[in-house]
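# Report on the structure
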Amino acid sequence: MDAVVKRLIKEIKKEGDQDAFAELVDLYKDKVYQIAYRMTGNGYEAQDMAQEAFLRAYANIESYDESRKFSTWLFRITTNLCIDRIRKKKPDYSLDAEIQGTDGLTGYSQLAASQNLPEDQVVTLELQEWVQQEISLLPEKYRAAVILRYIEDLSITEISDVLDLPENTVKTHIHRGREALRKRLGNA
């Protein structure tokens, strides 16, 4: 795959080949979306972030250092965009908050229920949502490291490149994020 990616990048840099870039997008769209979704916790925002990440990558393809992995460069763009969005985002409506004018109804009561799922799938889904929610409450620096390590399965070196941090700092962020997550999940 690396040879294919390098060939596509050369075509994009040389000729601005949009078809080659479309192939690159096709190769990485799922991973970029997954990272954005894990960072933002919102499907629509994740789509926006993924699209913006690819636009930025295309606009700045000349600055890409071909001696490094393209995926690391692209994931770094995605992660930075998500962190910027999270920082700018103001706290919005919480599903736990009671809806005004109702007798104890919360936002959860307004969500459509998926009644066709077997009980074990529901339990699994709830557990995944709970863990994702707890991950989203971690400080940004720990959240990014935990997501890239445990959800995207990147190596310490790759995470170091994506976040532009020394490897030991990445290890510390992963450890502290994991410990914070363990405490949060253990206290619930």
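To be clear, the structure that these remarks concern was listed above.
Reference entry: report on the structure contained in this document. (Residues numbered from 1 in each chain as written. Predicted model: local features only at pLDDT ≥ 70, side-chain atom pairs only at ≥ 80, totals over all residues. Heavy atoms only, no water.)

### With respect to the overall build of the protein chain
Regarding its fold elements, the protein chain presents eight helices and zero strands. Written out in order from the N terminus, the α and β elements of the protein chain read α-α-α-α-α-α-α-α. Considering only contacts within the protein chain whose residues lie at least 6 apart along the sequence, 55% involve residues at least 24 apart. Surface exposure of the protein chain reaches about 12000 Å², of which carbon and sulfur atoms provide 48%. (Helix = DSSP H or I, 4+ residues; strand = E, 2+ residues; numbered from the N terminus. Contact = heavy atoms within 4.5 Å. Areas by Shrake-Rupley, 256 points an atom, 1.4 Å probe, with all protein chains shown as cover.)

### Examining the packing of helix H2 (residues 18–40) against helix H4 (residues 70–88)
Two numbers describe how H2 lies on H4: the axes approach to 10 Å, and their chain directions differ by 35°. In the crossing of H2 with H4, the sense of the turn from one axis to the other is right-handed. Residues Leu24, Tyr28, Lys31, Val32, Ile35, Ala36, Met39 and Thr40 of H2 touch H4, and the partners they reach there are Phe70, Ser71, Leu74, Phe75, Thr78, Thr79, Cys82, Ile83 and Ile86. Looking at the contact of H2 with H4 residue by residue, the class counts come to 12 nonpolar, four polar and one charged. (Axes fitted to C-alpha atoms, helices over the stretch in contact; angles between N-to-C directions. Left-handed = near helix turned anticlockwise from the far one by under 90°. Nonpolar A, V, L, I, M, F, W, Y, C, P; charged D, E, K, R; others polar.)

### Description of the side chain of His173
Mapped onto the elements of the fold, His173 is located in helix H8 (residues 167–187). Among the residues examined, His173 registers a relative accessible area of 10% and is labelled buried. Those residues in contact with His173 that lie beyond four places of it in its chain are Lys141, Tyr142, Ala145 and Leu165. (Buried < 20%, exposed > 50% of the residue type's maximum accessible area, 1.4 Å probe, protein only.)

### Side note on unusual backbone geometry
You will see that Asp153, though not glycine, has its phi angle at about 60°, which is positive. Considering the arrangement of structural elements, one finds Asp153 in the loop between helix H6 (140–151) and helix H7 (156–163). A positive phi is found at Asp164, a non-glycine position, where the angle reads about 55°. Take Asp164: it is sitting in the loop between H7 and H8. A residue is classified by how much of its surface remains accessible, and Asp164, at 51% relative accessible area, is exposed.

### Quick word on H2
Its 23 residues give H2 an end-to-end C-alpha distance of only 28 Å, which falls more than 12% under 33 Å, the value for a rise of 1.5 Å per residue. Of all the bends in H2, the largest measures some 55° and sits at Tyr28. Within H2, burial applies to Ala20, Phe21, Leu24, Tyr28, Val32, Ile35, Ala36, Met39 and Thr40. Next to the buried residues of H2 lie helix H1 (2–15), helix H3 (43–59), H4 and H6. (Expected span 1.5 Å × (residues − 1). Bend = angle between axes of the 7 residues up to and from the residue.)

### Topic: the nonpolar core
One finds Leu24, Tyr28, Val32, Met39 and Phe70 to be the most contacted residues of the largest nonpolar core, which totals 42 residues. If you list the elements that add at least two residues to this core, you get H1, H2, H3, H4, H6, H7 and H8. For this core, the element with the most residues is H4, which contributes nine residues. The two domains that each donate at least three residues to this core are domain 1 (1–90) and domain 2 (114–187). (Core = buried A, V, L, I, M, F, W, Y, C linked by side-chain atoms within 4.5 Å. Domains from an automatic or database assignment.)

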